[in-house]
Amino acid sequence: ELKVEQNPLFLSMQEGKNYTIYCNYSTTSDRLYWYRQDPGKSLESLFVLLSNGAVKQEGRLMASLDTKARLSTLHITAAVHDLSATYFCAVDTSGTYKYIFGTGTRLKVLA
Amino acid sequence: KAGVTQTPRYLIKTRGQQVTLSCSPISGHRSVSWYQQTPGQGLQFLFEYFSETQRNKGNFPGRFSGRQFSNSRSEMNVSTLELGDSALYLCASSFQGTVYEQYFGPGTRLTVT
């Protein structure tokens, strides 16, 4: 059974600092997704990574995928308070028609 | 283009009752997936439908069921509700399946008392 692990689970950081969230998964997959969830809200799609070496950036967030290492990272540059949310990675295995989500990383950016 | 819609948004039920939740996907999307989100278990896959066929089912008891209609709208049903069924139920749609990006609806918050 595919397992997806994120770390850290909780992250409290100062505004202006950089940090990285890690997403490890246990079986071969070429497709990884990052979502953001604000308290009481649904999931908002951030990045879709569809091949080894894929890198995508949007504002202060950059995501990358290394399928050989079964690892994706979400890098936060110069954090601002508006980035406070829970971030999930999800992995899809071909033919299963389902996402397996990571545990989520609750990010709090302190002013 | 309208997003994924779910009704109702909030629901309070009593143990032993049953409940039906509805999901309307983005126009043109034929795949609908359902997920349960709880603080303890996180986001867990319930089932996925494509063209009225269930293609996969998560590890949930038979009390959880679903269906999809010819217009791609989907419903999920939970019978004999238990306290542990209290959760946020999220519906997601995609063009043809999870190989394509999934777009999530606002969710239905179910509380079982």
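The sections below set out a description of the structure shown in this document. (Residues numbered from 1 in each chain as written. Chains lettered and ligands numbered in written order. Predicted model: local features only at pLDDT ≥ 70, side-chain atom pairs only at ≥ 80, totals over all residues. Heavy atoms only, no water.)

A few words now on the overall build of chain B. The helix and strand tally for chain B stands at 0 helices and 11 strands. Going residue by residue from the N terminus, the α and β elements of chain B occur as β-β-β-β-β-β-β-β-β-β-β. Expected size for 113 residues packed as a compact globule is a radius of gyration near 13 Å; at 13 Å, chain B falls within 12% of this value. Each principal axis of the C-alpha atoms in chain B carries an extent, and together these give about 35 × 25 × 25 Å. Long-range pairs, those at least 24 residues apart, make up 55% of the contacts in chain B between residues at least 6 apart in sequence. Summed over all atoms, the accessible surface of chain B reaches about 5200 Å², with 48% contributed by carbon and sulfur. (Helix = DSSP H or I, 4+ residues; strand = E, 2+ residues; numbered from the N terminus. Rg over C-alpha atoms; globule rule 2.2 N^0.38 Å. Contact = heavy atoms within 4.5 Å. Areas by Shrake-Rupley, 256 points an atom, 1.4 Å probe, with all protein chains shown as cover.)

Moving on, we get to the state of the cysteines. If you walk through the whole model with that rule in mind, you get 2 disulfides over all chains. Here Cys23(A) is linked by a disulfide to Cys89(A), with a sulfur-sulfur distance of 2.1 Å. Because the sign of the S-S torsion sets the handedness, a value of about 80° for the bond joining Cys23(A) and Cys89(A) places this disulfide among the right-handed ones. Taken as a pair, Cys23(A) in strand S3 (residues 19–25) and Cys89(A) in strand S9 (residues 85–92) lie far apart in primary sequence, 66 residues in all. The partner cysteine of Cys23(B) in its disulfide is Cys91(B), sulfur to sulfur 1.7 Å. Across the disulfide from Cys23(B) to Cys91(B), rotation about the S-S bond amounts to roughly -50°, and the bridge is consequently left-handed. Highlighted residues: Cys23(B) in strand S3 (residues 19–24) and Cys91(B) in strand S9 (residues 87–94), separated in sequence by 68 residues. Exposure remark for Cys91(B): the relative accessible area of 0% places this residue in the buried category. (Disulfide = S-S within 2.5 Å. Buried < 20%, exposed > 50% of the residue type's maximum accessible area, 1.4 Å probe, protein only.)

Treat this as a map of the structure, not an account of what it does.
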